[in-house]
Structures are given as C-alpha cells and as structure tokens.
Amino acid sequence: MLQHAFEGYNVCIFAYGQTGAGKSYTMMGKQEENQAGIIPQLCEDLFEKINDNCNEDMSYSVEVSYMEIYCERVRDLLNPKNKGNLRVREHPLLGPYVEDLSKLAVTSYTDIADLMDAGNKARTVAATNMNETSSRSHAVFTIVFTQKKHDAETDLSTEKVSKISLVDLAGSERADSTGAKGTRLKEGANINKSLTTLGKVISALAEVSKKKKKTDFIPYRDSVLTWLLRENLGGNSRTAMVAALSPADINYDETLSTLRYADRAKQIKCNAVINEDPNAKLVRELKEEVSRLKELLRAQGLGDIIDTSFGSLTASSSSNSLSQMGLPSATSIQERIMSTPGGEEAIERLKESEKIIAELNETWEEKLRKTEAIRMEREALLAEMGVAIREDGGTLGVFSPKKTPHLVNLNEDPLMSECLLYYIKDGITRVGQAEAQRRQDIVLSGAHIKEEHCIFRSERNQTEDVIVMLEPCDQAETYVNGKRVIEPVQLRSGNRIIMGKNHVFRFNHPEQARAEREKTPSAETPSEPVDWTFAQRELLEKQGIDMKQEMEKRLQEMEILYKREKEEADLLLEQQRLDYESKLEALQKQVETRSLAAETTEEEEDEEEEVPWTQQEYELA
C-alpha cells in the first residue's frame, strides 16, 4: 500500500471485526518493542523511503490529521481549540470533508508518533465485558503525502498528492455479550448503526461491481463514517480491509458475520487513478467557481457588496467599520442578501471556496508555523489544567518544575494527592470560581470559595530572588499553616495552604528550597510527612481545637443523650403498660357484669313457667 502511495494513488486500510478481536492492536499496536501496528510501521517506512531518496529534484511533504467519529459526531483529536463537534460538509469539487479539521505538517516519524500519542489519549474508550479498553468511536488517521518533482529542462514543477486513510473502526457488538448498559448501550447502538450502514454501502457497491443489479442509490449519507469514506469505498482509492476474527467458539456467529462482510468487500472494484498535480487544477477550478458565483451575485444586484465590503464582511460584521468606509451597515447588507433569491447560499459558497483557495495557497513554511502554534496552544492548555509536559514533548504527566513556584494538591486519599499542579506565574495569579467577572487563573469550586478568593503575587526583590505573596480577598477563608490570613503574607516553600473548607495545597518554591538546602546541608528531614492529615491537624491545633478533648466531649454528649432517650423510652413503655392493664381491668369488669345479667334473666324465665288452665278459664276465654 505504501508503494501505491509513492506511485500517486489514494490508499485506504480499515480494520473491521467484533469488539475485542484486535482491531486497535492491529492498527495502532502497543508502545512496546516489536509491538507496533500498521499505522506506526507505515509512517516509519514512509520516512525511511523519503530519507533514502537521493534525487535532488524530488521534494516531499507530509501532513496528518486525526479525528474520531463518536455517536455520529466528529471530533478533532489533535487540536485542543476544537473542543466541540466539527461540521461535515460537501463541496462540489472536493466532496465530503470536515470543516476546520486541523492538518498538521510533520517532518519526521517522531513528530507523527507524538501526534498519534496525543490523539490516542484523547480517544473515547470504555470497558465492556469483552474488552477492558473497548474503542467506542471510529478513528480516522489521514496522511496527505505530496511529492514535488522539479524538471530542470522545462523549469516546471509537477506534484503527486496521495491521501492515505487509516481507519480503526469501533467493534460490532451484541449487547448481551458485552454487558453494555446506559451510556455504553447507547454507544453500542450508534456503533452498530454506522457499521450497518457501512455494510449496506458495501453490499450495494458489490452488486454494482457484479453487474447483477443496477443500484442508483447507495446510502453513503446515512452515516457520517460512510459519507467521509465515500471516495475510499467505491471511488478513487486502493482500499484494503483487515478482518479481525476471534478464535473463541462463543464468538462463532460474529466470526461468520465478519467473514461474510469481508467476502462482500472483496467483490467491490474501485477506479483508482494517479493524482498528478491536483492543486493547480483544483485552484483553477475553484477560481472559475468563484468567478461564476461573483457573476451570479452581480446579476442579482449584489455586485457592490462583493467589490467593496466582502472582505470586511467576512472578517468582521461591525457596523462601525462599515460606516467609516462610507458603506451601508451590516444589517442593511444582510437584509439585501436575505431578500435576494439564492443570494445567501451563493455568498456562503463564495466564502467557502475562497477559504479553500487560501488553504491551498498556504506555503509549507506557513503550515509549519501553524503546526508549531497549535503545539504551543496545546501545551499552554494542558499547563492551565495543571498537567505539565516535559521538554522533550514525549510524555504527558505531572512533573515538578525546576524553577517555577507552584501549588500541588493534598487529598485525604493518598493516591489522589499531588496529582494536580498549578503554576504561580510571574505577576498576578488569580484564584476563584469560573463564574467570576474577571478570568481566574486557578479555578476552584465549592460552597466556601468566593468568586475572587485570593491572589498570588510573584515578584523579584532587590537580590533578584522570586518572592511570592498571598493576598486574600474580602471575607475569603484562606489559611496558611493553620492560621487564617486576612493580610498579605509571604509564602515559604513547604507552606500548607487551605482555601475554603476542602481545598488543601502545599506551596513549593524550587529555587528557595534549593537555597535553604545549600545553607543548611545537614538539616534533618521532617519525621512526619506533610500530607492532608498533617494540614488538617495543624489547622485544628492553630484554631485552638484539641482533637482528643473534642472526641471526649462528643462522647460524653452522646452518652448523656443516650441515657436521656433510654429514660424517656422506659417511661413511655411503663405508661403504655399501665394503660393496657387499666384497659384489661375495665374489659374484665364489663365481662363479669354481662355474665351476671345473663344469669338473672335465666332465673326469671324459670320462675315464669306456664300454669295449666282450668275448664272454667277455657270457657271464659
């Protein structure tokens, strides 16, 4: 496939299979020796071939981009500024593309390895029953490889541009096998949806290749994945599919499904062509389209907007700048565009085409400067979040700087202590909440943290030593070594700082600590580590709170409360017993009274026995 790329063809390799079958391992591998995957090996061989070239008339340039498709949304894995989801658009000449996706220029395999490492750390992974680090998104690593050849006889330069797309698909999965629930289940549904669409596209293309069935409609647009890979699946590309299979017998159905998938993919025929000097042709076609769109807008009466205010309209829609130029306001221009049939769409396409022309005309040096600027932004963003990068740029983690004063967090859990690092920059470093009016350098949250909590002021004294002062804001709870601070105080290396009730830090000043060690080289190390427990106990002691007395006092209070509650419960139980006994006596008396009344009635009935009548009484009756 690399040889095809050097010949000028577009190349695509994608790995398909069930989750846990080894797709990511095949494509990316591991960072151990002899464990590199297809992508690192291809990139390394690419630069080896470039370095082995001895032809002075040939020059090479390599650009890379790395994106992931998570739940049908596209994310840029290389540029920290592109935090949101990127739009997928379609251009008449370029086809589907991702708007504002960063393309970074690289000059060696080390650059690519660093970018791959940064992108892999930003990928969305999660644990399922079948894979501890299951890829929950499709990853597309794209290399744009340009070969420029200068002909000395004709003094002309020709270019070959190859697009190498290396795709690591998320695994097809069954919910009962993976044990997916909640978010994992929704992710699995989106993964299976995009893979089902990919299967439909492959089946439709296979039918077209076999000439058995004429398929006018191929559902590329049903999924972002197939839409972006449209050219690789059935167009100008030489595409290879890696089918990852699991040897386990419980995965028999998934293995058969993957093999059927691969069998259909083998039947597709792509029409790959050598991409010779596409930039000049593309720029020419784009300029023709720009001219056509401008003529269309002029025909609709919007020519004055294009000629005079189009540049300022795209750069800034400020009505003040337009009025200073003697132009109508942005509102009136927008109303004219909206009232013209097709005017808004034409303006949008005109901006899009001019933006692409500017990108194509960008020189190699400008691309390198842009890449360096993005790298600096990424390092600055990580530093702002409390994560430092070593000078070699190869390892991410928390590292104590050798000169800059900084804060490290202390936590009740030892594993979470000293995991965050905050720099105290030269000048003023503000601490507060994210909702503050002014931007805070260190953002904390909590009920006792003020919007503007305190200020660290780093300055140099007369001897050029860095002095750090802590200035608390009004009514802000800030403690240094257990004492509440209401006035500015100078910090020493090792001081414990508590902000609010929950945020505990240790202040480190490397240069100050180094100077103190040089003055007193035989200084004893503290017998007790300065951790969260030490800071909390120090706070209680300095506030006049004895923990032992407090515990005894609390225990006595609890015993008194227990005795009181027990007495109340016993009294209530005795009262209930007496009530029940009185009720039983009343019921017993009632029963006795009723039994006596029944006996009296029976005696009266016995006394009133029937007396036989005489003959005279019968006659009278």
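Preceding this paragraph is the structure being described.
What you are looking at is a predicted structure, and each value in this text was computed from that prediction instead of being measured.

### Section: the sheet that holds strand β18 (residues 452–460)
- With respect to topology, five strands assemble into an open sheet ordered β17-β16-β18-β19-β22, the strand pairing being mixed. One side of each edge strand has no neighbouring strand; the edge strands of this open sheet are β17 (442–443) and β22 (489–490).
- Looking at chain direction, strand β19 (residues 466–472) and β22 are connected through two bridges and run antiparallel. Across the sheet, L470 pairs through a bridge with V489, a residue of β22.

### Section: a positive patch on the surface
- Together, K402, K403, R514 and R517 give the surface a local cluster of positive charge.
- Checked against the element boundaries, K402 lands in the loop between β13 (396–397) and β14 (406–410).
- Relative accessible area serves as the criterion here: at 70%, K402 is assigned to the exposed category.

### Digging into unusual backbone geometry
- Phi at E418 takes a positive value of approximately 55 degrees, unusual for a residue other than glycine.
- The residue E418 is located in the loop between β14 and β15 (421–423) in this model.
- You can call E418 partly exposed: its relative accessible area is 42%.

### Regarding the nonpolar core
- In terms of nonpolar packing, the biggest core is built from 33 residues, with V74, V98, L169, L198 and L228 touching the most fellow members.
- Among the secondary structure elements, those contributing two or more residues to this core are β1 (11–17), β2 (58–70), α6 (183–210), α7 (224–228) and α9 (252–266).
- Residue contributions to this core peak at eight residues, all from α6.
- Setting aside its immediate chain neighbours within four residues, L169 contacts F14, A15, Y16, K23, H138, L195, L198 and L225.

### As for a negative patch on the surface
- Taken together, E44, D45, E48 and D52 make up a surface patch of like negative charges.
- Turning to its location among the elements, D45 is positioned in helix α3 (residues 38–52).

### A closer look at the pattern of salt bridges
- Tallied over the entire structure, the rule returns 21 salt bridges.
- In this structure, R230 and E90 form a salt bridge, with 3.0 Å as the shortest nitrogen-oxygen distance. Of this pair, R230 sits in helix α8 (residues 230–234) while E90 sits in strand β4 (residues 88–91), and the two are 140 residues apart along the sequence.
- Classification of E90 by relative accessible area gives partly exposed; the value is 33%.
- Between E477 and K501 there is a salt bridge; the shortest N-O distance is 3.2 Å. Within this pair, whereas E477 is found in the loop between β19 and β20 (478–480), its partner K501 is found in the loop between β23 (496–499) and β24 (503–508), the two being separated by 24 residues in sequence.
- With a relative accessible area of 44%, K501 lands in the partly exposed category.

### Quick look at the packing of aromatic side chains
- Here the structure, examined in full by the defined rule, presents six aromatic pairs.
- Summarising the aromatic geometry, the rings of Y60 and F145 are spaced 5.7 Å apart at their centres and angled 5 degrees between planes, so their arrangement reads as stacked. Of this pair, Y60 sits in strand β2 while F145 is found in strand β9 (residues 138–151), placing the two residues 85 residues apart along the sequence.
- Y60 sits in the partly exposed class, given a relative accessible area of 23%.
- For F145, a relative accessible area of 0% puts it in the buried group.
- Considering the side-chain rings of Y422 and F505, the 6.0 Å spacing of their centres and the 80 degrees angle between planes classify their relative orientation as edge-to-face. A residue pair is termed long-range when its members are at least 10 positions apart, and Y422 in strand β15 and F505 in strand β24 qualify at 83 residues. Of the two residues, Y422 and F505, neither departs from the other in class, the shared state being buried.
- Put simply, the rings of F6, Y60 and F145 touch in pairs and so form one group of aromatic residues.
- The side chain of R238 reaches across the aromatic face of Y9, ending 4.0 Å from its centre.

What counts and how
Residues numbered from 1 in each chain as written. Predicted model: local features only at pLDDT ≥ 70, side-chain atom pairs only at ≥ 80, totals over all residues. Heavy atoms only, no water. Pairing = 2+ DSSP bridges. Helix = DSSP H or I, 4+ residues; strand = E, 2+ residues; numbered from the N terminus. Patch = residues over 30% accessible without salt bridge, like charges linked within 9 Å, V, L, I, M, F, W, Y side chains within 5 Å. Areas by Shrake-Rupley, 256 points an atom, 1.4 Å probe, with all protein chains shown as cover. Salt bridge = Lys/Arg side-chain N within 4 Å of Asp/Glu carboxyl O. Lys, Arg positive; Asp, Glu negative; His and termini not counted. Charge placed at Lys NZ, Arg CZ, Asp CG, Glu CD. Buried < 20%, exposed > 50% of the residue type's maximum accessible area, 1.4 Å probe, protein only. Core = buried A, V, L, I, M, F, W, Y, C linked by side-chain atoms within 4.5 Å. Contact = heavy atoms within 4.5 Å. Phe/Tyr/Trp six-rings, centres within 6.5 Å; stacked < 30°, edge-to-face > 60°. Lys NZ or Arg CZ within 6 Å of the ring centre and 35° of its normal.

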